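The chain contents come next:
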Amino acid sequence: MTKSELIERVSEAAKLTKGKAELVVGTIFGAMTEAMVRGEGIEIRGFGSFTVRQYKSYEGRNPRTGGSVHVKPKRLPFFKVGKELRARVNLSTAPLAEDDGDDVEVQERKTTAPKPAAAAPAAAKPRPAPKLREEHLSEDEI
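Everything numeric in this text was worked out from a predicted model, so none of it was measured. For every chain, the first residue of the written sequence is number 1, and numbering continues from 1 along that sequence. The predicted nature of this model means local features are confined to residues of pLDDT at least 70 and side-chain atom pairs, given and counted, to a pLDDT of 80 or more, with totals for whole chains, interfaces and linings taken over all residues. Side-chain numbers here rest on the full set of heavy atoms in the structure, without hydrogens or water.

Trainee: Help me out: how do you make sense of the sheet that holds strand E1 (residues 42-44) in this one?
Mentor: For sheets, the rule is that strands pair by backbone hydrogen bonds, running either parallel or antiparallel. A pair of strands is treated as paired once DSSP finds two or more bridges between them. Only runs of H or I of at least four residues qualify as helices and only runs of E of at least two qualify as strands under DSSP, and these elements are numbered from the N terminus. On the basis of which strands lie adjacent, the open sheet formed by 3 strands has the order E1-E2-E5 and antiparallel pairing. If you trace the sheet from one side to the other, it starts and ends with E1 and strand E5 (74-81), each paired once. The mean angle between the axes of side-by-side strands here comes to 25°, regardless of whether they run parallel or antiparallel. Here strand E2 (residues 48-55) runs beside E5; their pairing, made up of 8 bridges, is antiparallel. Residue Gln54 lies in a different strand from E5, and its bridge partner there is Arg75. Each axis is a line fitted through C-alpha atoms, taken for helices only over the stretch in contact, and angles between the N-to-C directions span 0 to 180 degrees.

Trainee: Sorry if this is basic, but what is going on with the environment of Glu22 here?
Mentor: Examined against the element boundaries, Glu22 turns out to sit in helix H2 (residues 18-37). For Glu22, a relative accessible area of 48% corresponds to the partly exposed category. Once the C-alpha coordinates of Glu22 and Val10 are considered, the two residues, 12 residues apart in sequence, prove to be 8.4 Å apart. Classification of residues uses two cut-offs on accessible area relative to the type maximum, computed with a 1.4 Å probe and protein chains only: under 20% is buried, over 50% is exposed, and between them is partly exposed.

Trainee: Would you mind showing me how to read the pairing of strand E3 (residues 58-61) here?
Mentor: A regular strand places its side chains so that they alternate between the two faces of the sheet. One ladder, built from 4 bridges, connects E3 with strand E4 (residues 68-71); its direction is antiparallel. The residue bridging Arg61 from the neighbouring strand is Ser68, located in E4. The hairpin turn running from E3 into E4, its antiparallel successor, is 6 residues long, and Gly66 in that turn takes a positive phi close to 80°.

Trainee: Just to check I follow, could you spell out a nonpolar patch on the surface for this structure?
Mentor: Taken together, the side chains of Leu16, Val24, Ile28 and Phe29 present a nonpolar region at the surface, about 290 Å² in accessible area. Position of Val24 relative to the elements: it lies in helix H2. In this structure Val24 comes out as partly exposed when scored by relative accessible area, which is 35%. Patches in this entry comprise residues that are over 30% relatively accessible and not in a salt bridge; like charges within 9 Å are linked, as are nonpolar side chains (Val, Leu, Ile, Met, Phe, Trp, Tyr) within 5 Å. For the accessible areas, the method is Shrake-Rupley and the probe is 1.4 Å, while residue cover comes only from the protein chains on display. Salt bridges are counted wherever a side-chain nitrogen of Lys or Arg sits within 4 Å of a carboxyl oxygen of Asp or Glu.

What follows is the structure, given as structure tokens:
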């Protein structure tokens, strides 16, 4: 999803003009950015948390020349996904019967209409034996 798609969704959900929805989305992102610039963390329950990690300077290597390069200390944003979001993402891609060891309770998805039953597969035909190439076999093996 892009920022413009998010603006469109906010516009539709809140019944706002696209200009007002853009202002809302921009204000939220701006506030998050300013907080992280100040070194503050952001926690959105059920979604995840944003933190700023500090990295010390180190001597790196230039992959093209192999020469040593000094890398300055830096601060980078880091996102840690929340349990609820992780569970919802896994629920949408993994079968419900699997247990990945997390003790996260997730409500089953509600569907508006039952899925149609799949047609029964036709009787399975036995696979033919693989054909051997004669060029690789000697006269005695044929």
